[in-house]
Amino acid sequence: QVQLVESGGGLVQPGGSLRLSCSASGTIFRVNAMGWYRQAPGKQRDMVADITSSGHTNYADSVKGRFTISRDNAKNTVYLQMNSLKPEDTAVYYCKAGVSLPGSRYEHDYWGQGTQVTVSS
């Protein structure tokens, strides 16, 4: 079984910063693309940023220039550095990873449990 454990959420004032972390553990052959998604109350879950195993990144337009995604392949961990936070960034943030399991030819998607980020004065 594979687990994704997130940390780093919390309450921050507008203009502040937070850093989210997400580590994958379990019976893993390889962790492929990893990413962060967010879901605000009453809204759909949207992609925030993702990163391939070779380090290519992709960002939602709303966070470009403010958020930075990175990863440590040796630790199967992905990070999201969030700067210049705005109230509209308030949401539950979820980590997602595409994982190849030992002996399987298919990739499986796994999600973390979510971490709350609240931007408010």
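Residues numbered from 1 in each chain as written. Predicted model: local features only at pLDDT ≥ 70, side-chain atom pairs only at ≥ 80, totals over all residues. Heavy atoms only, no water.

Asks: Looking at this model, I keep getting lost on the overall build of the protein. Mind explaining?
Replies: Of the regular secondary structure elements, the protein holds zero helices and 11 strands. Ordered by position from the N terminus, the helices and strands of the protein form the series β-β-β-β-β-β-β-β-β-β-β. Viewed in the frame of its principal axes, the protein has a C-alpha envelope of about 50 × 25 × 25 Å. Residues counted as buried form 40% of the 121 residues belonging to the protein. Carbon and sulfur atoms provide 46% of the accessible area of the protein, an area that totals close to 6500 Å². Here the protein contributes 12 positive and 9 negative side-chain charges, whose respective centroids are spaced 2 Å apart. (Helix = DSSP H or I, 4+ residues; strand = E, 2+ residues; numbered from the N terminus. Buried < 20%, exposed > 50% of the residue type's maximum accessible area, 1.4 Å probe, protein only. Areas by Shrake-Rupley, 256 points an atom, 1.4 Å probe, with all protein chains shown as cover. Lys, Arg positive; Asp, Glu negative; His and termini not counted. Charge placed at Lys NZ, Arg CZ, Asp CG, Glu CD.)

Asks: Help me understand the pattern of salt bridges, please; the structure alone is not making it clear to me.
Replies: Pairing between side chains of opposite charge can happen when their charged atoms approach one another. The full count for this structure, using the stated rule, is four salt bridges. The salt bridge partner of Arg38 is Asp89, with a shortest N-O separation of 2.9 Å. Note that Arg38 is positioned in strand 4 (residues 30-39) and Asp89 in the loop between strand 8 (77-82) and strand 9 (91-100), a separation of 51 residues in sequence. The exposure classification of Arg38 matches that of Asp89, with both residues buried. (Salt bridge = Lys/Arg side-chain N within 4 Å of Asp/Glu carboxyl O.)

Asks: When you look at the nonpolar core in this model, what are you seeing that I'm missing?
Replies: Nonpolar side chains tend to gather and get buried jointly when the protein is soluble and globular. With 30 residues, the main nonpolar core has Trp36, Leu80, Met82 and Tyr93 as its most contacted residues. Sort the elements by how many residues they give to this core and strand 9 lands first, with five residues. In this structure, Met82 is in contact with Gly16, Ser17, Leu18, Leu20, Arg66, Phe67, Tyr93 and Val117, ignoring residues within four places of it in sequence. (Core = buried A, V, L, I, M, F, W, Y, C linked by side-chain atoms within 4.5 Å. Contact = heavy atoms within 4.5 Å.)

Asks: Please clarify how the state of the cysteines should be interpreted in this entry.
Replies: A disulfide bridge is the covalent bond that connects two cysteines by way of their sulfur atoms. On inspection of all chains with the given rule, the structure shows one disulfide. In this model, Cys22 is linked to Cys95 through a disulfide, with the two sulfur atoms separated by 2.1 Å. An S-S torsion of about -80° defines the bridge between Cys22 and Cys95 as left-handed. Note that Cys22 is positioned in strand 3 (residues 18-26) and Cys95 in strand 9, a separation of 73 residues in sequence. Note on accessibility: Cys22 and Cys95 belong to one class, buried. (Disulfide = S-S within 2.5 Å.)

Asks: What exactly am I supposed to notice about the environment of Trp36 here?
Replies: Inspection of the secondary structure assignment puts Trp36 in strand 4. Along the sequence, Trp36 and Asp50 sit 14 residues apart, while their C-alpha atoms lie 6.2 Å from each other.

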